[in-house]
Amino acid sequence: MAKITIENLRHSYLPEPKRDEDFALKRVHLDWADGGAYALLGPSGCGKTTLLNLISGLLHPSEGRILFDGRDVSNETPERRNIAQVFQFPVIYDTMTVYDNLAFPLRNRKVDEAEIKKRVTSIAEMLELTSTLSKRASGLTADGKQKISLGRGLVRSDVNVIMFDEPLTVIDPHLKWQLRSKLKELQHRIKRTMIYVTHDQTEALTFADQVVVMNNGEVVQTGTPIELFEKPKHVFVGHFIGSPGMNVMPCMVKGGKAFVDGHEIAAGNAALSNGSSRLELGVRPEFVTFASKGLPVNVVKVSDIGRYRVVDTRLGENSVKLIVPEGAAIPEGKAHLAFDKAHTQIYNDGWLAGEAR
Ligand code: ATP
């Protein structure tokens, strides 16, 4: 296993890139600890697969370096980098048994049969494949086949990193949760550096200890699921993570105080904002409550999600959503809101005011 360092990495698919827009990856710095569980999360086209392919060596970066345990591997072949990769769709040998599929990467590396048996049996048990070991892989369902792919990634002990690229795409929705928890449990048990690429926030947040959120070829925030929820460093993270996402509204700051639509709102970092930038105020629906006095709003919609309701209100031109627990009263028409100051933040040109980028 290895610590992975990504230094000033840029990548363009164009032969002579000039402007920032020419780069699929604009500039990425990352430090991934040995044995950590990481997720790369972002919308389609943000550069996740490009970054994965640069790490695995399928692509060569236009600029920057990739280091494994301090050793520059930027010019090494994928084989030399010694990475296990699990793709969106199962990669298996249909004519072989499940056992032989799992044993394949080990036999390739001349591991002795007794050791192979030990490892295959243990991985099969973790993935609940034991009863299928002597069956042909072709007879398994799509879920079963993808479990074999996962197992082939996990069975080797000598890899520097295991990378999963949207590995649950073909998995039946009701099994996704089960397999996701299993992967997390496996990561804790075998302590390998793992990188999980997905556009699904639930998958990223349940698997990873640290989530790297990407947008438009850039890393916008790296943090624990709680950090991303409580302190989004960019309005994009606020929108993308959470359901519904963070409320974001244009604001003004005067004398260290924030105002939305003429109403003063207490925000933790208002004094740190930069007057010459585009200012926005962000607060998650979880940190907004109905109050007897406060911001005057109109309630426009209530959606029942089961254990709670999402209430959509209007503050002037702005939409403000809040989450109301089951059983709590929801006013009709005119109402007042209070924002939790500690979780109400000002953003300068999209970035959290007062925070280093
Ligand atoms: P998805 O989740 O859809 O796979 P992604 O986040 O993995 O998206 P990438 O596939 O890395 O994103 O794509 C990043 C950008 O690079 C996109 O604008 C895409 O169109 C572009 N791109 C990707 N592969 C190529 C290629 N082979 N040639 C040219 N442009 C490419």
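Residues numbered from 1 in each chain as written. Predicted model: local features only at pLDDT ≥ 70, side-chain atom pairs only at ≥ 80, totals over all residues. Heavy atoms only, no water.

(A) Structural context of the site of the ligand. What surrounds the ligand is the set Tyr13, Ala24, Pro43, Ser44, Gly45, Cys46, Gly47, Lys48, Thr49 and Thr50. Here a nitrogen atom of the ligand sits 3.4 Å away from a polar atom, N or O, in the side chain of tyrosine 13. Contacts to the ligand include cysteine 46, whose backbone N or O atom sits 3.1 Å from an oxygen atom. In the complex, the protein chains occlude 51% of the 630 Å² of accessible area that the ligand would expose alone. Looking at the shell around the ligand residue by residue, the classes come out as four nonpolar, five polar and one charged. (Near = heavy atom within 4 Å. Polar contact = N/O pair within 3.5 Å; in protein donor to acceptor, adjacent residues only side chain to side chain. Areas by Shrake-Rupley, 256 points an atom, 1.4 Å probe, with all protein chains shown as cover. Nonpolar A, V, L, I, M, F, W, Y, C, P; charged D, E, K, R; others polar.)

(B) The arrangement of the environment of valine 288 in detail. Inspection of the secondary structure puts valine 288 in strand E16 (residues 288-291). Not counting chain neighbours up to four residues away, the residues in contact with valine 288 comprise Asn247, Val283, Val320, Lys321, Leu322, Ile323, Leu337, Ala338 and Phe339. (Helix = DSSP H or I, 4+ residues; strand = E, 2+ residues; numbered from the N terminus. Contact = heavy atoms within 4.5 Å.)

(C) Examining the nonpolar core more closely. Among the nonpolar cores identified, the biggest contains 47 residues, and Val120, Ile148, Leu154, Phe164, Val211 and Val213 are the most heavily contacted of them. Contact partners of valine 213, with chain neighbours within four places excluded, come to Leu41, Glu218, Val219, Val220, Gln221, Leu228, Phe236, Val237 and Ile241. (Core = buried A, V, L, I, M, F, W, Y, C linked by side-chain atoms within 4.5 Å. Buried < 20%, exposed > 50% of the residue type's maximum accessible area, 1.4 Å probe, protein only.)

(D) The environment of aspartate 312, seen in detail. Secondary-structure assignment places aspartate 312 in strand E18 (residues 308-315). Contacts of aspartate 312, omitting those with residues within four sequence positions, involve Asn298, Val299, Val300, Lys301, Ser319, Val320 and Lys321. Separated by 3.2 Å, the side chains of aspartate 312 and arginine 314 make a polar contact.

(E) Representation of the environment of tyrosine 347 in the model. Here tyrosine 347 lies in strand E21 (residues 344-348). Residues tyrosine 347 and lysine 26 lie 321 residues apart in sequence; the distance between their C-alpha atoms is 22 Å. Contacts of tyrosine 347, omitting those with residues within four sequence positions, involve Pro232, Lys233, His234, Val235, Met246, Arg278, Leu279, Glu280, Gly282, Leu352 and Ala353. Within the structure, tyrosine 347 has its side chain in polar contact with the backbone oxygen of proline 232 (distance 2.7 Å).

(F) Fine view of the domain arrangement of the protein. Domain parsing of the protein yields domain 1 (4-230) and domain 2 (248-349). The distance between the C-alpha centroids of domain 1 and domain 2 comes to 39 Å. (Domains from an automatic or database assignment.)

(G) The arrangement of the pattern of salt bridges in detail. What the rule picks out here adds up to 24 salt bridges. A salt bridge links arginine 65 to glutamate 7; its shortest N-O distance comes to 3.0 Å. Highlighted residues: arginine 65 in strand E4 (residues 63-68) and glutamate 7 in strand E1 (residues 4-11), separated in sequence by 58 residues. The exposure class assigned to arginine 65 is partly exposed, which follows from its relative accessible area of 36%. It is possible to trace a salt-bridge network through shared partners that takes in Arg10, Asp20, Arg27 and Glu63. (Salt bridge = Lys/Arg side-chain N within 4 Å of Asp/Glu carboxyl O.)

(H) Examining the packing of helix H3 (residues 98-108) against helix H5 (residues 142-154) more closely. With their axes 8 Å apart at the nearest point, H3 and H5 run at an angle of 30 degrees to one another. In this view, H3 runs roughly parallel relative to H5, as classed from their interaxial angle. As for the relative orientation of H3 and H5, their crossing is right-handed in sense. Across the interface between the two elements, Val98, Asn101, Leu102, Phe104 and Pro105 of H3 pack against Ile148, Gly151 and Arg152 of H5. Class assignment of the residues belonging to the contact of H3 with H5 gives a composition of five nonpolar, two polar and one charged. (Axes fitted to C-alpha atoms, helices over the stretch in contact; angles between N-to-C directions. Parallel < 35°, antiparallel > 145°, perpendicular 65-115°, else oblique. Left-handed = near helix turned anticlockwise from the far one by under 90°.)

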